[in-house]
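In case you want the letters, here they are:
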Amino acid sequence: MIYNLAILLYDLVVHLIAPFSRKPRRMMKGHWVVYDLLRQQREKDARYIWFHAASLGEFEQGRPLIEEIRRRYPEYKILLTFFSPSGYEVRKHYRGADMVCYLPFDKPRNVKKFLDIAQPCMAFFIKYEFWKNYLDELHKRRIPVYSVSSIFRKEQIFFKWYGGTYRRVLTDFDHLFVQNETSKRFLSLLGINKVTVVGDTRFDRVLQIREEAKDLPLVKLFKNDSLVFVAGSSWPEDEDLFIEYFNTHPGMKLIIAPHVIDEGHLVEIINKLKRPYVRYTRADEKNVRKADCLIIDCFGLLSSIYRYGEIAYIGGGFGAGIHNTLEAAVYSIPVIFGPNYQKFMEAIQLLEDKGAYSVSDYSALESLLDRMLTNRDFREETGLRAGNYVVRNSGATERILNMINF
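All residue numbers refer to positions counted from 1 along the written sequence of the respective chain. A pLDDT threshold of at least 70 governs which residues receive local features in this predicted model, and a stricter bar of 80 or more applies before side-chain atom pairs are shown or counted, although totals over entire chains, interfaces and linings include all residues. No hydrogens and no water enter the side-chain calculation; it runs on all heavy atoms of the structure.

1. Remarks on the overall build of the protein
- Per the convention used, a helix needs a DSSP run of H or I reaching at least four residues, while a strand needs a run of E reaching at least two, with both numbered from the N terminus. When helices and strands are tallied, the protein shows 19 helices and 14 strands.
- Here the protein has a C-alpha radius of gyration of 23 Å; the compact-globule value for 406 residues is 22 Å, and the two agree.
- Here the term buried applies to any residue with accessible area under 20% of the maximum for its type, exposed to any over 50%, and partly exposed to those in between, with areas from a 1.4 Å probe on protein chains only. Here the protein holds 406 residues, and the buried ones make up 55% of them.
- Per-residue accessibility takes into account occlusion by the displayed protein chains alone, with areas from the Shrake-Rupley method and a 1.4 Å probe. Accessible area for the protein stands at about 19200 Å²; split by element, carbon and sulfur atoms hold 51% of it.
- If you average the places of the 58 positive and of the 50 negative side-chain charges in the protein, the two averages end up 5 Å apart. Only C-alpha atoms enter the radius of gyration; for comparison, a globular chain is expected to reach 2.2 Å times N to the power 0.38, where N is the number of residues. Residues counted as positive are Lys and Arg, residues counted as negative are Asp and Glu, and His and the chain ends are not counted. Note that the charge is assigned to NZ on lysines, CZ on arginines, CG on aspartates and CD on glutamates.

Right under this line is the structure:
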């Protein structure tokens, strides 16, 4: 009752703020058409495998599994659902799925209606997705359901004294494919033993991205024969540090792909620069050669841009937490980030493997970059350690598929 009340309240809040906020408004519009979309697009008598991801990051974790299933088992169709507009709006035209839509709120009536129309033959919930009513109904209908790339920590509700009712949702899964032994150990304390440690499918995904990386002629012209420092998903606190170093070190070029791309933030970046720059959307073969800094003022290029760098800096470490380190590490280049990385297992492990370094202030960054710029062996060895870490931890997709009966 408490859980269902919370879902009702969340639904009410989204409806109330939708007229005044774009993301909730997009979500509500998507929810209004879900059932019609499913009825119109679902092929009669086809067997659908359902993948659910909260947002874009979780989708990327599930993507290697989706695409490998399509390759091996083309007789199945794929239904992909998102909870967040930031995932759905970006991937609503994803060609790897036959149907893409929002997941209606986890209310009993919605759940039954959704499953009656979609009729999946099995389901995969990615990472932290534990919608109680959906999982209970899937279990009741004897539809196999799996948790993929999940992580469990002692601070989660399952392990609290008041989490008894909610922790029973874990018994709905036919199997949980977790990232680490710690998760398996926590689950065993609850009597949940249908668990296998397979690692994180994100490693498979970044290796796939590396193979599919775009050739970017303007970035190649910008790089020429220079040593390039790539700053990905940066925030102002990050930019204060590496731009200061860049301004006084002509021996390197800089590519900045900020996390927030709006005119105000781009102007802030430009005002900090003391060397020639060009924005990517305004670059041409002539002006890009003259620039020392290339500002990426559009989306979708960062994962390919890292291939042109010798050193990568990942933003967010002076705020809530760092962004994706694996997209850079897969290219066997050193990875640098700020002090707030503790929630990210891959960052901790990269530090342990000496494929990455964390800096807490300008002095630390200056010392580290001085060493990397003057000691090529150190820089390249650090990069090799980062790349080897990614390869060593890949293979989760294969391990999962080997345990599922199709």
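We are not done yet, so read on.
2. Observations regarding the environment of Met1
- With respect to the helices, strands and loops of the structure, Met1 is situated in the segment before α1 (2-17).
- Separated by 74 residues in the primary sequence, Met1 and Glu75 have C-alpha atoms spaced 40 Å apart.

3. Remarks on a nonpolar patch on the surface
- Patch members must show over 30% relative accessible area and no salt bridge, and they are joined within 9 Å when carrying like charges or within 5 Å when they are nonpolar side chains of Val, Leu, Ile, Met, Phe, Trp or Tyr. By definition here, a salt bridge exists when the distance from a side-chain nitrogen of Lys or Arg to a carboxyl oxygen of Asp or Glu is within 4 Å. Together, Leu5, Leu8, Leu9, Leu12, Val13, Leu16 and Ile17 make up a nonpolar patch on the protein surface, roughly 630 Å² of accessible area in all.
- Topologically, Leu16 is positioned in helix α1.
- Judged by its relative accessible area of 53%, Leu16 is exposed.

4. Section: the side chain of Thr382
- Take Thr382: it is sitting in helix α18 (residues 376-392).
- By relative accessible area, which is 2% here, Thr382 ends up buried.
- By the convention used here, residues are in contact when the closest approach between their heavy atoms is within 4.5 Å. For Thr382, the contacting residues outside a window of four places in its chain are Pro334, Lys354, Gly355, Ala356, Tyr357 and Met372.

5. Quick look at empty space enclosed by the protein
- Only protein atoms enter the 1 Å grid used here, on which a cavity is any set of points holding a 1.4 Å probe that cannot leave and a pocket is any open set flanked by protein within 12 Å on both sides along at least five of seven lines; residues with an atom within 4 Å of a point are listed as lining. Grid points are joined across faces, edges and corners, and a volume is the space filled by probe spheres set on the points. Counted by the stated rule, this structure contains 1 cavity of 30 Å³ or more.
- Of the pockets and cavities examined, the largest cavity occupies roughly 40 Å³.

6. Looking at the pattern of salt bridges
- Counted according to the given criterion, the structure contains 27 salt bridges.
- A salt bridge links Arg63 to Glu60, with the shortest nitrogen-to-oxygen separation between them at 3.8 Å. With Arg63 and Glu60 both in helix α3 (residues 56-72), this residue pair falls 3 residues apart, about one helical turn. Glu60 shares its class with Arg63; the two are buried.
- One continuous salt-bridge network, built from bridges that share partners, spans Glu60, Arg63, Glu67, Arg91 and Arg205.

7. Concerning the layout of surface pockets
- By volume, the second largest pocket is sized at about 310 Å³.
- Considering the residues around the second largest pocket, the lining is formed by 13 residues, among which Ile2, Tyr3, Lys132, Thr165 and Tyr166 are closest to the centre.
- For the lining of the second largest pocket, the secondary structure elements donating two or more residues are α1, α6 (132-140) and α7 (164-167).
- Residues were grouped as follows: Ala, Val, Leu, Ile, Met, Phe, Trp, Tyr, Cys and Pro as nonpolar; Asp, Glu, Lys and Arg as charged; and all remaining residues, including Gly, as polar. The residue makeup of the lining of the second largest pocket, split by class, is 6 nonpolar, 5 polar and 2 charged.

8. Remarks on the packing of aromatic side chains
- Each aromatic pair joins two rings of Phe, Tyr and Trp (for Trp, the six-membered one) with centres within 6.5 Å, and gets the label stacked for planes under 30 degrees apart, edge-to-face for over 60, and tilted for any other angle. Under the defined criterion, the tally for this structure stands at 33 aromatic pairs.
- Both rings, one in Tyr10 and one in Phe83, keep their centres 6.0 Å apart while their planes meet at 35°; by these two values the pair is tilted. Pair noted here: Tyr10 is in helix α1 and Phe83 is in the loop between β2 (76-82) and α4 (85-91), with a separation of 73 residues, a long-range link.
- Geometrically, the ring pair formed by Tyr73 and Phe406 is stacked, given 4.3 Å between the ring centres and 20° between the ring planes. Of this pair, Tyr73 sits in the loop between α3 and β2 while Phe406 sits in the segment after α19 (396-401); the two residues are 333 residues apart in sequence, bridging distant segments of the chain.
- By relative accessible area, which is 28% here, Phe406 ends up partly exposed.
- Members of the aromatic cluster, each reached through a chain of ring pairs, are Tyr3, Phe130, Phe152, Phe158, Phe159, Tyr166, Phe173 and Phe186.
- Criterion for a charge above a ring: Arg CZ or Lys NZ at most 6 Å from the ring centre, at most 35 degrees from the ring normal. Above the ring of Tyr35, the side-chain terminus of Lys113 is found at 4.3 Å from the ring centroid.
- Above the face of the Phe222 ring, Lys253 is positioned so that its terminal group lies 4.8 Å from the ring centre.

9. Topic: a positive patch on the surface
- A surface patch of positive charge is lined by Arg22, Arg25, Arg26 and Lys29.
- For Arg26, the position within the fold is in helix α2 (residues 22-41).

10. Notes on the sheet that holds strand β8 (residues 227-234)
- Strand order in this open sheet of 7 strands is β10-β11-β9-β8-β12-β13-β14, and the pairing throughout is parallel. Looking at which strands have only one partner, the edges of the open sheet turn out to be β10 (277-279) and β14 (356-358). Neighbour-to-neighbour, the strand axes of the sheet open up by a mean angle of 20°, direction not taken into account.
- When DSSP locates at least two bridges between a pair of strands, those strands are taken to pair. Two strands pair when backbone bridges link them, and strand β12 (residues 311-314) and strand β13 (residues 335-337) are joined in this way by 3 bridges, in the parallel orientation. Within the sheet, the bridge partner assigned to Tyr313 lies in β13 and is Ile336. Axes here refer to lines fitted to C-alpha atoms; in helices the fit is confined to the stretch in contact. Angles between the N-to-C directions go from 0 to 180 degrees.

All we've got here are geometric facts, nothing functional implied.
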